[in-house]
Amino acid sequence: MRMKSSEVVFPWNFTTPAALILPFIIFFFFMKKNWKKSRSIDEVNLPPGPKKLPIIGNLHLISEPPFRCFRDLAKQHGPIMHLKLGEVDVIVVSSPEIAKEILKDNDPIFTNRPESIAATIFWYNYINIAFSPYGEYWRQMRKICIMELLSNKNVRSFASIRKDEVSRLVESIRLSAATSAPINLTEKVTSSMSSVTCRAAFGMVCRDKESLIKLVREGLQMGAGFSIADIFPSSKIANALSWGTKLRLMRMRRKMDVILDDIIHKHEENLARMETTTTTTGDNNRRGNGELGNEDLVDVLLRIKNGGELEFPIGYDNIKAVLFDMFTAGTETSASTLDWVMTELVRNPQVMVKVQTEVREMVNGGSIEDEDIQKMHYLKVVIMETLRLHPQVSVIPRVSREPCQISGYTIPGKVKVLVNAWAIQRDPDYWADPEIFQPERFQNQPSVDYTGSDFHYLPFGSGKRVCPGMAFGWASVTLPLAHLLYNFNWKLPHGVRVQDLNMIEKTSLTAPRKDELFVVATTYQP
């Protein structure tokens, strides 16, 4: 759920297009008369790692999804490991103790994000929050979003929006349940989550919501993809060979601009109309485009932009970058988490019965309030166990700002450091039967929480760049999950066995399940 993407995963992937192009790059590299060996940091005391081939380094060892092969390589080379991906040096961390050194003890040194072609083009050249370099601009924009959207107070104020959208989701599923036809639960949940985020942040459901969802998914996949220019940044040839990727990203960016510009333009029109009404009639009951007459996030950003009081002035691109961040985090990570929860429950019917029993005993007449959910302790540990096995922040990406000593090894400046949260949360040294879905383990460890203070459990990251949207994301998942469990019984479509479910993650900046979840719902009769 990382329900905010301040902690976004940035894995490397050896994709088919890269595999096809790579031999040509190697050929050109060898043919260049002025070829110089890429800058090496081999002379420093680096962590151990697998043997590296000329030019490509360890690229031949990387498969999809990368955090799985990182774990396998770490079993051979240790919990802190050096990889060479083309010209790029990468440090992979796979133990809680070393993760603590990176994310807490030396947090100020490891607060930057890796750079990439995708982040440059599609994410507005690092002026969003997720990819912005650590510094005063990042603090400024993060503070605005927390105060105006992600604070506990604001999350509580969005309760009516969540309830309304969950009611629509339940009614939609009930119609499908009447025919006993399989439903695409992944699609329905994603649509519902996106509506909640739109109404909370934009004051309305975006009319191009489905297009925006598609762009989010394409962007997340390309952001986690393999760009030749990213692994050979000093090569003009590699940069030229990435023209296709750049062109696609620019086209996607233009489509996204049209959608976000429309949202901003409508807000400006409505605000101008409100100002005219106030001047004419003296009625100033409505201050913004929010559903309760208050300002939503777009209104706030426009007011701040026009006020000219920020240390770092913002323009329309800054606003669009932040809005896209909020939509991505509030939709994709929450929907993916809920999808994983339901997949695990279908695979584990005993857990399904246990959590449904708790929900149904707590609910009076089908109305579920936030206060009821606070008492659903088993529901909470079901989500926590899902986040352990399927963290949306599968790899926590950082870049060292200066040289540093970690576990006796030298980490040079400007080197990518990837904390493999997925591997840490499945480490048998810290988790009994780590591959088994067993929510009871969190009942036996009540002190473990998801706020980033337990370094063997990091579903939202940790440190200064910990996810600021934990409360928003948690609320976005718990309420619909409680309703799905109360209102329906669930089973797989006829002929589909539990063992047929593909539990591999899709390669993306987040970690959604590779396949969508199709299930059959039966309406529960109390």
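Nothing here was measured: the structure is a model prediction, and the numbers come from that model. (Residues numbered from 1 in each chain as written. Predicted model: local features only at pLDDT ≥ 70, side-chain atom pairs only at ≥ 80, totals over all residues. Heavy atoms only, no water.)

## What to know about the packing of aromatic side chains
For the structure shown, the criterion picks out 15 aromatic pairs. The interplanar angle of 20° and the centroid separation of 4.6 Å between the aromatic rings of Tyr450 and Trp474 together place this pair among those described as stacked. Note that Tyr450 is positioned in the loop between α19 (440-443) and α20 (470-487) and Trp474 in helix α20, a separation of 24 residues in sequence. Each member of the aromatic cluster is reached from another via a ring pair, and the members are Phe122, Trp123, Phe131 and Phe324. Above the face of the Tyr524 ring, Arg360 is positioned so that its terminal group lies 3.7 Å from the ring centre. Positioned over the ring face of Trp431 is Arg388, at 5.3 Å from the centre of the ring. (Phe/Tyr/Trp six-rings, centres within 6.5 Å; stacked < 30°, edge-to-face > 60°. Helix = DSSP H or I, 4+ residues; strand = E, 2+ residues; numbered from the N terminus. Lys NZ or Arg CZ within 6 Å of the ring centre and 35° of its normal.)

## A few points about helix α15 (residues 349-362)
Its 14 residues place the ends of α15 20 Å apart at the C-alpha level, agreeing with the 20 Å of an ideal helix rising 1.5 Å per residue. Restricting attention to buried positions, one finds in α15 the residues Val351, Met352, Val355, Gln356, Glu358, Val359 and Arg360. In this structure, the buried side of α15 is in contact with α14 (316-347), α17 (377-389), α20 and β8 (488-491). (Expected span 1.5 Å × (residues − 1). Buried < 20%, exposed > 50% of the residue type's maximum accessible area, 1.4 Å probe, protein only. Contact = heavy atoms within 4.5 Å.)

## A look at a positive patch on the surface
Taken together, the side chains of Lys214, Arg251, Arg254 and Lys255 present a region of like positive charge at the surface. Of all the elements, helix α12 (residues 243-281) adds the most residues to the positive patch, at three residues. Here Arg254 is to be found in helix α12. (Patch = residues over 30% accessible without salt bridge, like charges linked within 9 Å, V, L, I, M, F, W, Y side chains within 5 Å. Areas by Shrake-Rupley, 256 points an atom, 1.4 Å probe, with all protein chains shown as cover. Salt bridge = Lys/Arg side-chain N within 4 Å of Asp/Glu carboxyl O. Lys, Arg positive; Asp, Glu negative; His and termini not counted. Charge placed at Lys NZ, Arg CZ, Asp CG, Glu CD.)

## Structural notes on the side chain of His456
Note that His456 resides in the loop between α19 and α20. Look at His456 and you get buried, because its relative accessible area is 17%. In contact with His456, other than residues within four places in its own chain, are Pro96, Ile424, Gln425, Tyr430, Trp431, Gln445 and Val448.

## A closer look at empty space enclosed by the protein
For the coordinates displayed, the defined rule picks out five cavities of 30 Å³ or more. The space that makes up the largest cavity amounts to roughly 70 Å³. Lining the largest cavity, in full, are Arg162, Val166, Leu169, Ser192, Met193, Val196, Leu338, Ala475, Ser476 and Pro480. Elements with a contribution of two residues or more to the lining of the largest cavity: α7 (159-177), α8 (185-202) and α20. (1 Å grid on protein atoms, 1.4 Å probe; cavity = no way out; pocket = protein on both sides within 12 Å on 5 of 7 lines; lining within 4 Å. Points joined across faces, edges and corners; volume = space filled by probe spheres on them.)

## What about the nonpolar core?
By size, the foremost hydrophobic cluster in this structure holds 60 residues, and its most contacted members are Leu149, Leu301 and Leu323. Apart from the residues within four sequence positions on either side, Leu301 is in contact with Met141, Ile144, Ile314, Ile319, Val322 and Leu323. One finds Leu338, Tyr457, Leu481 and Val519 within the second-largest nonpolar core, a separate group that totals 58 residues. (Core = buried A, V, L, I, M, F, W, Y, C linked by side-chain atoms within 4.5 Å.)

## Observations concerning the environment of Gly293
By the secondary structure assignment, Gly293 is in the loop between α12 and α13 (297-307). Here Gly293 falls in the buried class, since its relative accessible area comes to 7%. Sequence separation of Gly293 and Gly203 is 90 residues, and the distance between their C-alpha atoms is 9.3 Å.

## Brief notes about the environment of Arg251
The residue Arg251 is located in helix α12 in this model. For Arg251, a relative accessible area of 48% puts it in the partly exposed group. For the pair Arg251 and Phe122, spaced 129 residues apart in sequence, the C-alpha to C-alpha distance is 9.2 Å.

## Thoughts on α13
What α13 keeps buried is the set Leu297, Val298, Asp299, Val300, Leu301, Leu302 and Ile304. Capping the start of α13, Asp296 holds a side-chain oxygen 3.1 Å from the backbone nitrogen of Val298, two or three residues further along. Positive phi appears at Gly308, one or two residues downstream of α13, with a value of about 65°. (Polar contact = N/O pair within 3.5 Å; in protein donor to acceptor, adjacent residues only side chain to side chain.)

## So, the sheet that holds strand β2 (residues 88-93)
Ordered in space as β1-β2-β7-β4, the four strands form an open sheet in which the pairing is mixed. The outermost strands of the open sheet, each flanked by one partner alone, are β1 (80-85) and β4 (396-399). Taken pair by pair, the neighbouring strands of this sheet meet at an average axis angle of 25°, ignoring direction. Strand direction decides the pairing type here: β1 and β2, joined by six bridges, are antiparallel. Pairing of Met81 across the sheet is with Val92, part of β2. Along the sheet, helix α2 (residues 66-77) contacts β1, β2 and β7 (416-419); its crossing angle with β1, the most-contacted strand, is approximately 120°. (Pairing = 2+ DSSP bridges. Axes fitted to C-alpha atoms, helices over the stretch in contact; angles between N-to-C directions.)

## Here's the deal with the side chain of Asp296
Here Asp296 shows up in the loop between α12 and α13. The class for Asp296 is buried, based on a relative accessible area of 3%. A polar atom in the side chain of Asp296 sits 3.2 Å from the backbone nitrogen of Gly203. Those residues in contact with Asp296 that sit more than four places away from it in its chain are Ala200, Ala201, Phe202, Gly203, His267, Asn289 and Gly290.

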